[in-house]
Amino acid sequence: MNNSIVIRLPSKKRLNAQVPLSSNSFLITPGSVITEDADYMRGHGTYTNDDEEDHKLYASVAGVVERINKLVCVRALKTRYNGEVGDIVVGRIKEVQQKRWKVETNSRLDSVLHLSSVNLPGGELRRRSAADELTMREYLKEGDLISAEVQQVHTDGMLSLHTRSLKYGKLGQGCCVTVSPSLIKRRKNHVHNLSCGVTIILANNGYIWINSTAVDGTKTTGDGGFVVDTEPVQMDDREAICRVRNCILCLSRSSVMLYDTSVLYAYEASLQYQVKELLLDEIATEIVDQTLSLLERESSGNG
Amino acid sequence: MAKAILGDSEKWFIVHGVQDDFRTDGRSCENYRHIELETGILSNTHGSARIRLGSSELLVGVKVELGTPKPQRINEGWLEFHVDCSPNAHPVFQGRGGKELSDNICSMLTRVYRNNTVMDLEALGVIPQKHCWVVHVDVLILECGGNLIDAASIAVKAALYNTGIPNISLTDGDEGEVEINLPDDPEDVKHLKTINCPVLVTLSKIGNRHIVDATDEEECCCSASLVMGVTRRGHTVGVRKMGGGSLDPESVTEMIDSGKKIGRQLHISLDKLLKIEAGMSEDIKQTGYL
């Protein structure tokens, strides 16, 4: 009987991504001076002491300084999700209120999903009645995961979501992984059908949804999540989903930017190991190293 | 326990996965997550241990003091357990929020260590009826990632293994009173015999099968679980059912057998690590909280 339980001493080496910083990025800590020039406009993440003679610009968060002409702002590396119109988010229903749902999206305030912003079953177009209000819980109740798009950002930062397209809606069987929102690279497309038979939604708020493509294939003609599939997921699909999940966790622990190419390279690098071995430190480091070298080779080939 | 909220479809995914013996992170029903353990990290305690089980992190400190023996057991000392849920682990533990969880873990630990075969309590006696050693074991939960009971019991065993009780000497003082003298050298300690200390194994029932080392999401899908204390030889020293669901008598026997097997494996791995760590020299050891 072989012993599969491993207890070991903690490893001293931290998992650090060996990503070379580009020459024009400038890391800064809170309270340090960004510039002493008074011409610059203050953006997010900066502040000045107005009572002094010289207008020094200080950083209020730890992150990367970004300068666009005369606007200086600091983009924090570890932060809550700051929504922008048009972003795809994956959120969890927290509360069901009158005519709206409160959705938790890893931002400073809970986002709101109005009853008028969801599609009715069957795609009807009509005014929402009192009966619709009473049956809200039959569609989305507390704990359900949905994919939605940001419709509007209020002045206090609260997001209004909508699921008015058939590609959004309640999510079915699959796996959700939480990473920091700053690791998700902004791309044109955030829903990817990977070649291993897995569909991933790399939502901008850091919640990554992984499910199998076979089930999802009907979504394009689809339903918006009204029909819930309780059939068990096939074994090879399940293995692919769990492997992608573990790869994403390895990449996020080493702070590697997540987009379809990096996830795919990590998946290919992980095929030689068993899915449960991917959680071990040494194997995670190896996969991350392989992924980074493949990405570097690709970028140096293009550039 | 601080429960994660899951949607129905996610719960179905987890339940079907358990039935296929392939959980969300690729483990089988009887695999534990990666465990990291370190002892002797708190210099102001007599014994300490830090454990990281997946994403659960706990710190155990052991301090001994001289107290009065209990009236029914005048030759023996005893162990006191205390569990503290830090609000660092989960916001719900603020104030008295963590009381239920800490009471559960504390009562389970007290129950399994109360057994006579587990620990030689007479070794903790000093002067019958007058003085004995009271061993205070404090568990601090720093991060909640599921399966806190098992992690607490492994860390408690490691901390007790690491505990050094000062070697006191008894001399005759005036008026026939016996005087207790503490040694000058802080290294002059005797260690407790922890060979029979149990570990707690939690078996959670999901669907028709049971799993060990449930994560937060898996704990959400489980209707009932069995916590059992298992010694190194595979003997059960305490069983407790937790959760609101029901357990079939046949599945209970199946779970207990499985728990004994897993408990034995845990002990083998744990004892091996403790021996290796004890053999290492002082300056290499410490990692602590970097």
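Values in this document were obtained by computation on a predicted structure and should not be read as measured data. (Residues numbered from 1 in each chain as written. Chains lettered and ligands numbered in written order. Predicted model: local features only at pLDDT ≥ 70, side-chain atom pairs only at ≥ 80, totals over all residues. Heavy atoms only, no water.)

1. As for the packing of aromatic side chains
All names here are of chain A.
Right, so step 1: One pass over the structure, following the stated rule, counts three aromatic pairs over all chains.
Right, so step 2: Measuring from centroid to centroid gives 5.5 Å for Tyr 47 and Tyr 58, while their planes differ by 20°, and the two rings are stacked. Within this pair, whereas Tyr 47 is found in strand β5 (residues 46-48), its partner Tyr 58 is found in strand β6 (residues 57-59), the two being separated by 11 residues in sequence.
Right, so step 3: For Tyr 58, a relative accessible area of 12% gives the class buried.
Right, so step 4: Their ring planes at 80° and their centres at 6.1 Å tell us that Trp 101 and Tyr 139 sit as a pair that is edge-to-face. Residue Trp 101 is located in strand β10 (residues 100-104), and its partner Tyr 139 is located in helix α2 (residues 136-139); the two are separated by 38 residues in the primary sequence. Each of the two residues, Trp 101 as well as Tyr 139, counts as buried. (Phe/Tyr/Trp six-rings, centres within 6.5 Å; stacked < 30°, edge-to-face > 60°. Helix = DSSP H or I, 4+ residues; strand = E, 2+ residues; numbered from the N terminus. Buried < 20%, exposed > 50% of the residue type's maximum accessible area, 1.4 Å probe, protein only.)

2. Description of the nonpolar core
Soluble globular proteins: nonpolar side chains tend toward being buried together.
Right, so step 1: Ranked by size, the top nonpolar core spans 69 residues in total, and within it B:Tyr113, B:Leu160 and B:Val201 carry the most contacts.
Right, so step 2: Among the elements that line this core, the one with the most residues is helix α3 (residues 148-162) of chain B, at 10 residues.
Right, so step 3: Setting aside residues no more than four positions away along its own chain, B:Val201 makes contact with B:Tyr32, B:Asp150, B:Val212, B:Leu226, B:Val227, B:Met228, B:Val230, B:Gly259, B:Ile262, B:Gly263 and B:Leu266.
Right, so step 4: Counting 34 residues, the second-largest nonpolar core is a separate cluster that includes A:Cys175, A:Ile184, A:Tyr267 and A:Tyr273. (Core = buried A, V, L, I, M, F, W, Y, C linked by side-chain atoms within 4.5 Å. Contact = heavy atoms within 4.5 Å.)

3. Considering the pattern of salt bridges
Note that side chains of opposite charge can pair when their charged atoms are close.
Residues and elements named next belong to chain A.
Right, so step 1: Enumeration according to the criterion identifies 27 salt bridges over all chains in this entry.
Right, so step 2: Linking Lys 170 and Asp 144 is a salt bridge whose minimum nitrogen-to-oxygen distance equals 4.0 Å. Within this pair, whereas Lys 170 is found in strand β14 (residues 169-170), its partner Asp 144 is found in the loop between α2 and β12 (145-153), the two being separated by 26 residues in sequence.
Right, so step 3: On the accessibility criterion, Lys 170 (14% relative accessible area) is buried. (Salt bridge = Lys/Arg side-chain N within 4 Å of Asp/Glu carboxyl O.)

4. A few points about the layout of surface pockets
Residue and element names in this part refer to chain A.
Right, so step 1: Taken as a whole, the second largest pocket holds about 1000 Å³ of empty space.
Right, so step 2: Lining of the second largest pocket is provided by 30 residues; of these, Arg 75, Thr 79, Arg 80, Asn 82 and Glu 84 occupy positions nearest its centre.
Right, so step 3: In terms of residues, the lining of the second largest pocket owes the most to one element, strand β8 (residues 71-76), which gives four residues.
Right, so step 4: Of the residues that constitute the lining of the second largest pocket, the class distribution is 11 nonpolar, 10 polar and nine charged. (1 Å grid on protein atoms, 1.4 Å probe; cavity = no way out; pocket = protein on both sides within 12 Å on 5 of 7 lines; lining within 4 Å. Points joined across faces, edges and corners; volume = space filled by probe spheres on them. Nonpolar A, V, L, I, M, F, W, Y, C, P; charged D, E, K, R; others polar.)

5. Overview of the environment of B:Glu36
Right, so step 1: The topology assignment puts B:Glu36 in strand β1 (residues 35-39).
Right, so step 2: Using a relative accessible area of 12% as the deciding quantity, one classes B:Glu36 as buried.
Right, so step 3: Linking B:Glu36 and B:Tyr161, residues 125 residues apart in sequence, is a C-alpha distance of 16 Å.
Right, so step 4: Other than its neighbours up to four places away in sequence, B:Glu36 contacts A:Arg8, A:Leu9, A:Pro10, A:Ser11, A:Asp281, B:Arg50, B:Ile51 and B:Arg52.

6. Describing the interface of chain A and chain B
Right, so step 1: At the junction of the two partners, chain A supplies 42 residues and chain B supplies 41 residues.
Right, so step 2: When the two sides are added together, the surface that chain A and chain B hide from each other amounts to roughly 3600 Å², 60% of it contributed by carbon and sulfur.
Right, so step 3: By the criterion of area lost to chain B, the three top residues of chain A are A:Ile5, A:Ile7 and A:Arg238, representing 20% of everything that side buries.
Right, so step 4: Inspection of the chain A/chain B interface yields three salt bridges.
Right, so step 5: Residues A:Arg238 and B:Asp20 are paired through a salt bridge, measuring 3.8 Å at the closest nitrogen-oxygen approach.
Right, so step 6: Our count for the contact surface shared by chain A and chain B stands at 10 residue pairs in polar contact (both at pLDDT 80 or more).
Right, so step 7: When contributions to the side of chain A that touches chain B are tallied by element, the ones reaching two or more residues are β1 (7-8), β15 (175-178) and α4 (235-253) of chain A.
Right, so step 8: Per-element accounting of the side of chain A that touches chain B gives the leading share, seven residues, to α4(A). (Buried area = accessible area lost by both parts, 1.4 Å probe. Polar contact = N/O pair within 3.5 Å; in protein donor to acceptor, adjacent residues only side chain to side chain.)

7. Side note on the packing of α4(A) against helix α6 (residues 281-302) of chain A
Residues and elements named next belong to chain A.
Right, so step 1: Orientation of α4 relative to α6, taken along the N-to-C sense of each, is 80°, at an axis distance of 9 Å. Accordingly, the angle class assigned to the pair α4 and α6 is roughly perpendicular. Every residue of α6 that contacts α4 at Cys 250, Leu 251 and Arg 253 is listed here: Asp 281, Ala 284, Val 288 and Thr 291.
Right, so step 2: Its residues placed into classes, the contact of α4 with α6 shows four nonpolar, one polar and two charged. (Axes fitted to C-alpha atoms, helices over the stretch in contact; angles between N-to-C directions. Parallel < 35°, antiparallel > 145°, perpendicular 65-115°, else oblique.)

8. Considering unusual backbone geometry
Residue and element names in this part refer to chain B.
Right, so step 1: The phi angle at Asn 147 is positive, at roughly 60°, despite the residue not being glycine.
Right, so step 2: Position of Asn 147 among the secondary structure elements: in the loop between β6 (131-143) and α3.
Right, so step 3: A positive phi is found at Asp 213, a non-glycine position, where the angle reads about 55°.
Right, so step 4: The topology assignment puts Asp 213 in the loop between β12 (209-212) and α4 (216-221).

9. Here we look at helix α2 (residues 99-113) of chain B
All names here are of chain B.
Right, so step 1: Across its 15 residues, α2 extends 21 Å between first and last C-alpha, which sits within 8% of the 21 Å expected from 1.5 Å per residue.
Right, so step 2: All of the buried residues along α2 are Leu 101, Ser 102, Ile 105, Cys 106, Met 108, Leu 109, Val 112 and Tyr 113. Taken down its axis, α2 places every buried residue within 160° of arc, on the same side.
Right, so step 3: Close packing links the buried residues of α2 with β4 (78-85), β6, α3, β11 (199-206), β13 (224-230) and β14 (236-242). (Expected span 1.5 Å × (residues − 1). Arc of directions from axis to C-beta.)

10. Quick look at the sheet that holds β15(A)
Residues and elements named next belong to chain A.
Right, so step 1: The antiparallel open sheet is built from four strands, whose spatial order is β15-β18-β17-β16. If you trace the sheet from one side to the other, it starts and ends with β15 and β16 (191-193), each paired once. Looking at each pair of strands side by side, their axes are set apart by 20° on average, direction ignored.
Right, so step 2: Where β15 meets strand β18 (residues 207-212), four bridges bridge the pair, whose relative direction is antiparallel. Following the sheet pairing, Cys 176 is matched in β18 by Trp 209. (Pairing = 2+ DSSP bridges.)

11. Some details on the sheet that holds strand β2 (residues 27-28) of chain A
Residue and element names in this part refer to chain A.
Right, so step 1: Pairing in this open sheet of four strands is mixed, and the strands run β2-β7-β8-β4 from one edge to the other. Each edge of the open sheet is held by one strand with a lone partner, namely β2 and β4 (41-42).
Right, so step 2: Where β4 lies against β8, two bridges are found, and the strand directions are parallel. Residue Met 41 lies in a different strand from β8, and its bridge partner there is Leu 71.

12. Let's talk about the environment of B:Pro166
Residue and element names in this part refer to chain B.
Right, so step 1: Within the secondary structure, Pro 166 sits in strand β7 (residues 164-166).
Right, so step 2: On the basis of relative accessibility, which here comes to 17%, the residue Pro 166 falls in the buried class.
Right, so step 3: Separated by 68 residues in the primary sequence, Pro 166 and Gly 98 have C-alpha atoms spaced 34 Å apart.
Right, so step 4: Residues contacting Pro 166, with those up to four places away along its chain left out, are His 46, Val 64, Trp 133, Leu 182, Pro 183, Asp 188 and Val 189.

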